[in-house]
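# Coordinate analysis (summary)
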Amino acid sequence: MIGGRRPIQGRKPGDRRVRVERPHAPYFRYTGPGQLVAKQAASLPTTPAGRAWARVQAAVFGRPLMQEEELGERLPKTKALPIFSSDAISSSAYASDEIIHVLILAGLAALTLSIQISIAIALLLTVVSISYRQVCRAYPSGGGAYAVARENISQTAGLVAAAALFIDYVMTVSVSTASAVSQAYSVVPGLYGIRVELALIAITLITIANLRGLRESGNIFAIPTYMFVGLALLMIGLGLSRIVMGTVVPIPTPPDVILPPSPTEAVTILLLLKAFAGGSVALTGVEAIANGVPAFKPPESKNAANTMSIMAVLLGVIFIGIAIVGVAFGFQPTNEGGPTAIAQVATAIFGAETPLFVLFQASTALILFLAVNTSFNAFPRLAAILAADGFMPRQFSFRGDRLAFNWGVVVLAVVAATLIVIFQGDVHLLIPLYSVGVFVCFTLSQIGMVRHWFVARGPGWRWRAIVNAIGGLLTFIVLIVVASVKFGGGAWLVVVLIPIQVSIFLFINRQYRASAAQLSIKPDFVVPEPHREERVVVPVPGLSRAVVQAINVGRSISEDIRAVFITEDPEAAEQLRERWQRQVPHVQLVVVESPYRALAGPLLAYLDVLDSAWPPDKPAPITFVVIPEYVARNWWERILYNQSSKRMKTVLLGRPQTVVVNVPYRREDPAQFESAERGYDRLHPPSGSAPPPSGQPPLD
Amino acid sequence: MSDHHVPVFRRAIIALNGGPSDARIVRLVADMARGSKAELVAVHVVEIDWTLPLDADIAGQSEDVQRILDMAEQVAEESKLILEPVLLQARDVGAAIVDESTERGADLLVVGLPYRKRFGGEFALGRTIPYILQNAPCAVWVVRDPIAEEKP
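Here's a quick rundown of the structure. Keep in mind that what you see is a predicted model, and the values were worked out from it rather than measured.

### What about the overall build of chain B?
- Regarding its fold elements, chain B presents 4 helices and 7 strands.
- Walking chain B from its N terminus toward its C terminus, one meets helices and strands in the order β-α-β-α-β-α-β-β-β-α-β.
- Counting only contacts in chain B whose residues sit at least 6 apart along the sequence, the fraction spanning at least 24 positions is 77%.

The structure is reproduced here in C-alpha cells:
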C-alpha cells in the first residue's frame, strides 16, 4: 500500500488497478467544494468512559437524530392535539373547583351559578381561540404572543409577553403536577404523605420523555389524553341523559366538604367576578399551539389553526358539561385532600370504586400530569426563539441529540420542581400565581394582531381586526379582574417577576449586541497579511521531555524564544542553567528568582517587562506563552499534575496581545523521543561530547 | 411462474460515472434491494493516463471524486441500506469494473448510460459499456438517461 493506494492485479496483465483508501469516509461526507458534513461517527466519544456514557444516554434518551430527521419529528394533528392541548383540556379538571370554592361563600344555592360562569368562560375561550387561529396563520414561525407583540407593539411588549408566558409555563408544570398528585391521593389517601416526592418523580419522568424528542413524547402521551377526553364526554353524555330522563341521584356529601359560612355572603358582582377569575384558569395553555406552529407537519399554520379549534371545542364542551352535570347532581367544594369536583361527578355517574370510575380518575391524573408536557414543548421553543433573537443565552437555541431544546427542558424542570418543594405540592397555594401571566399574553397578542391587520390589510382584515379587538378588550378586562382578585393571594409576585425578567432579557441583549459590535468586520474589509512580530515565552519547571516538546513547538512559532524558570532555589537554578546550556543550547534560559515563592506574579511581571522593553516605534508583538503539560491518564493523575500550568493559564487569560498555547505531552510520545535519542546516540557516540548540529533540535 | 420471494440479486455492483444518472441508479437499486437486504457496492473508477504512474495521487486528492461515492452512500442510507463505496484508479474503466465485480462475486452489475450523441448525430454507447456487456460474468443492467429535449 502506497499512501493509501493499494495495487490489485487484474485478470489480464494490463488491467491492474489501484484501490484508493478514503480516510474521510467513516467520519465525513463531501457535499460540495470544500464542504463536508460530519457523520455520526465524528461525534462519537473516543474514550471508554465517554463511550459508556453515550450508551447510557442512548438507552435513556434514544439514539441521536440528524438535523434532516427534524421533519420526521414534526407532529400530525392527532399527536399535536394531546401534546399542545393537554394543558388546556386538563384545566377542566380543576377550573370547576376554583369556581365553586368562591361561590360556596354565597351558600349552596349559589353553586348553580357555576353553569353561567362556565358558559361565560367558554365564550371568552371562543374569542381567544379564534384570535389565536389568526396568530397561527399570521406567524407560522411560532412565538405566539411574543412574536406578535414584538413586531406590532414594541420590543418591550414582546418581552413582557414572553416573561408572562415563562411564568405561566413554570406554573403549569408545578400546578398540573401537584394537581395530578392530588387526584392520585383522592383515590389512595395514603399517598398524601409522599406527595412532594411523587411530584418530583413525575417531573423527572416527563423531563426524560421530552429529552427523547417531540414525536416520541407524542406517542407516550396520546393514549391517556384521548382516554380522558373519551371518558369525560361519556360521563357528561350519561349525566345529561339522566337529567333528561329525571333519574338524577344526588351525590352523597363528600368528606372534607367546605360548608357555606354563616351568615353567607350576598351574590354580588365582585363575588361573581372572583368566581370568574378563578375559573379562568381553564384558558391557560390555549396559546401553546400558537407558540409551537413550526412543530406541526406542513401545512403548519393550517394544521395548527385546526388543532386550535378542535381543542377549544373539546375544552368548552367538557368544561360546561361538568358544570351542568355537577350542578344537577349537587357537587360541592372540598378541602385539600377531599374529592375534586370532577371526581364527585364521576362518582355520581360511574359509581364509586367501579372500574370506569378508577379508569376515569387514572386518566384525569394522567392528563393533569401530561398538561405539564404542553409547557415542556412550549417553554423550550419560546426560549429558543428568544435566544435566537439575543434575549436569552444562546444555549437555549441549541438542539440536543434528539432535536429537543435540552436547555429549556432542563431549566423548566428545575424551576418547577423547586416551586413544588417550596409550596409542598399544595395546588391552592400555587394557583394564585397562575393565570395572570396568561391574560397578559392574551391581551398583548390581541392588541398586536389588531395593529397587524391594520398594517397588513389582507382579505377580510376588517372583521379579523374586529375579532381581535373584542378579544383584546375581553381579555384585558379579565386580566384586571384576575390580577386584582388574586393580587393579595400571590399574584403580586407575578407583577414583580415580569419586570425583573424583562430587565434580564434586555441586559443579555445589550451584552450580545455589544460583543457583536466589537467583533464585527466591515463587509468591504479585506484581511491583510499579518505584520506583527511574534515572540515566545516558555515557562519551564525544569528540563524534561514535556519541556523539550514545548520548546520545539515554540521554535516553530518564532525564532524569538526564551524559556523562563521561576524558582525560589538559586542552587536549582544554577544546576538547570548548566544543563540547559549543554542540552538546549539554542534557546535562551531566563531564571527568575522568586524569594516570595510566587509563580504567576513573577511570570506576569516578566511579560510586562518584555512589553515595556519593546521598541515604541514598532507595533507591539504577539506573545505566545507556550505551556508544557503532562496529559493525565486518569482522574487521580489530574490532581497530581499540571496545577501550576492551570494557575498560569488562569492569570494569563485576557492579557492583551497574549496567546496561551498548551503543549500536551502524551504517554504515546516517549516512543518518538526514544527513537530520536537513539538516532542522536548513533550520530554522537559517548566519547564525543559535541553539541548537536546547529539548527537541529536536540530531541524531538 | 416467477417466485417473488427470491431476491433478484444478493450482491450488486453499481458503477458510477459521476454524471446526473448516478443518484437515479443508486436509488433504483436501493429500492430493489430493500426487501432482500442485498449487499450494495458502489464503484467509481478514475482513469489514469499512461503518462502517469497507476498509483499517482489523483483520486484521493479530488473532492469531486469523493463526492460521487459520498452521494451514493447517502442515497443508500436514505433507504436504510448500507452501501460500500469503492474508489479505484485504472488504465481502463471497463476492465476495472468487471474485475472488481468478479472478485467480489457480484450477481448484478448496474451501469448508467448518459444519452449522448456523436457529432454526426448518432447515439453513442461509448466503449466501457460494450466491454462490460461482453466480459462481465454476472447479470448487467444498463440504465439509460432519458433523452433530453432538443433545443430549438
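### Digging into the overall build of chain A
- Along its length, chain A carries 24 helices and 9 strands.
- Looking at chain A as a whole, 43% of its 700 residues qualify as buried.

### What about the sheet that holds strand S6 (residues 561-567) of chain A?
Residue and element names in this part refer to chain A.
- What the 5 strands build is an open sheet, ordered S7-S6-S5-S8-S9; its pairing is parallel. Unpaired on one side and paired on the other, strand S7 (588-593) and strand S9 (658-665) mark the two borders of the sheet. Each strand of the sheet is rotated relative to its neighbour by a mean of 25 degrees, with strand direction disregarded.
- Across the sheet, helix H19 (residues 545-557) is in contact with strand S5 (534-539), S6, strand S8 (622-630) and S9; its angle to S8 comes to roughly 155 degrees.
- Against the sheet, helix H21 (residues 600-613) makes contact with S5, S6, S7, S8 and S9, and its axis sits at roughly 145 degrees relative to S6, the strand it touches most.

### Let's talk about the sheet that holds strand S1 (residues 5-8) of chain A
- The strand order S1(A)-S2(A)-S3(B)-S2(B)-S1(B)-S4(B)-S7(B) describes an open sheet built from 7 strands, whose pairing is mixed. In the strand order of this sheet, the two ends are held by S1 of chain A together with strand S7 (139-144) of chain B, each with one partner. Mean inter-strand twist for the sheet, computed between neighbouring axes without regard to direction, equals 30 degrees.
- One ladder, built from 6 bridges, connects strand S1 (residues 11-16) of chain B with strand S2 (residues 39-47) of chain B; its direction is parallel. Bridge pairing in S2(B) places B:Ala15 opposite B:Val43.
- The sheet strands contacting helix H2 (residues 63-78) of chain B are S1, S2 and strand S3 (83-90) of chain B, and the helix crosses S3(B) at an angle near 160 degrees.

### Some thoughts on the interface of chain A and chain B
- Taken together, the 20 residues of chain A in the interface contact 22 residues of chain B.
- Of all elements in the fold, only S1, strand S2 (17-20) and strand S3 (28-32) of chain A reach the threshold of two or more residues within the side of chain A that touches chain B.
- Among the elements that take part in the side of chain A that touches chain B, S2(A) stands out by supplying 4 residues, more than any other.
- A per-class count over the side of chain A that touches chain B returns 7 nonpolar, 5 polar and 8 charged.

### Things to note about the packing of helix H8 (residues 195-211) of chain A against helix H15 (residues 406-422) of chain A
Residue and element names in this part refer to chain A.
- In contact at an axis separation of 10 Å, H8 and H15 are set at 175 degrees when each is read in the N-to-C sense. The angle between the axes of H8 and H15 places the two elements in the roughly antiparallel class. Contacts from Val196, Ala199, Leu200, Ile203, Thr207, Asn210 and Leu211 of H8 reach H15 at Asn406, Val409, Val410, Ala413, Ala416, Ala417, Ile420 and Val421.
- Counted by class, the contact of H8 with H15 contains 12 nonpolar, 3 polar and no charged residues.

### Looking at the environment of A:Arg242
All names here are of chain A.
- Here arginine 242 is to be found in helix H9 (residues 214-245).
- Distance from arginine 242 to phenylalanine 329, taken between C-alpha atoms, is 9.9 Å for residues 87 residues apart in sequence.
- Discounting residues that sit within four places of it in the chain, arginine 242 has contacts with Thr247 and Val248.

### Topic: unusual backbone geometry
- The omega torsion across A:Pro298 and A:Pro299 is -5 degrees, close enough to zero to call that bond cis.
- Within the element layout of this structure, A:Pro299 appears in the loop between helix H11 (288-291) and helix H12 (300-329).
- The backbone of B:Lys80 sits at a positive phi, close to 60 degrees, despite the residue not being glycine.
- Tracing the backbone through its elements, the reader meets B:Lys80 in the loop between H2 and S3.
- With 8 C-beta atoms counted inside 10 Å, the residue B:Lys80 sits in the exposed group.

### Points about the packing of helix H6 (residues 144-152) of chain A against helix H17 (residues 436-456) of chain A
Residue and element names in this part refer to chain A.
- Axis separation between H6 and H17 bottoms out at 8 Å; the angle between their running directions is 45 degrees. Judged on the interaxial angle alone, H17 and H6 are oblique. Relative to H17, the crossing made by H6 is left-handed. Listed contacts from H17 to Gly144, Ala145, Val148, Ala149 and Asn152 of H6 are Cys441, Leu444, Ser445, Gly448, Met449, Arg451 and His452.
- For the contact of H6 with H17, the per-class residue count stands at 6 nonpolar, 5 polar and 1 charged.

Thresholds, definitions, all that
- Residues numbered from 1 in each chain as written.
- Chains lettered and ligands numbered in written order.
- Predicted model: local features only at pLDDT ≥ 70, side-chain atom pairs only at ≥ 80, totals over all residues.
- Helix = DSSP H or I, 4+ residues; strand = E, 2+ residues; numbered from the N terminus.
- Contact = placed C-beta atoms within 7 Å.
- Buried ≥ 20, exposed ≤ 12 C-beta atoms within 10 Å, placed from the backbone.
- Pairing = 2+ DSSP bridges.
- Axes fitted to C-alpha atoms, helices over the stretch in contact; angles between N-to-C directions.
- Nonpolar A, V, L, I, M, F, W, Y, C, P; charged D, E, K, R; others polar.
- Parallel < 35°, antiparallel > 145°, perpendicular 65-115°, else oblique.
- Left-handed = near helix turned anticlockwise from the far one by under 90°.

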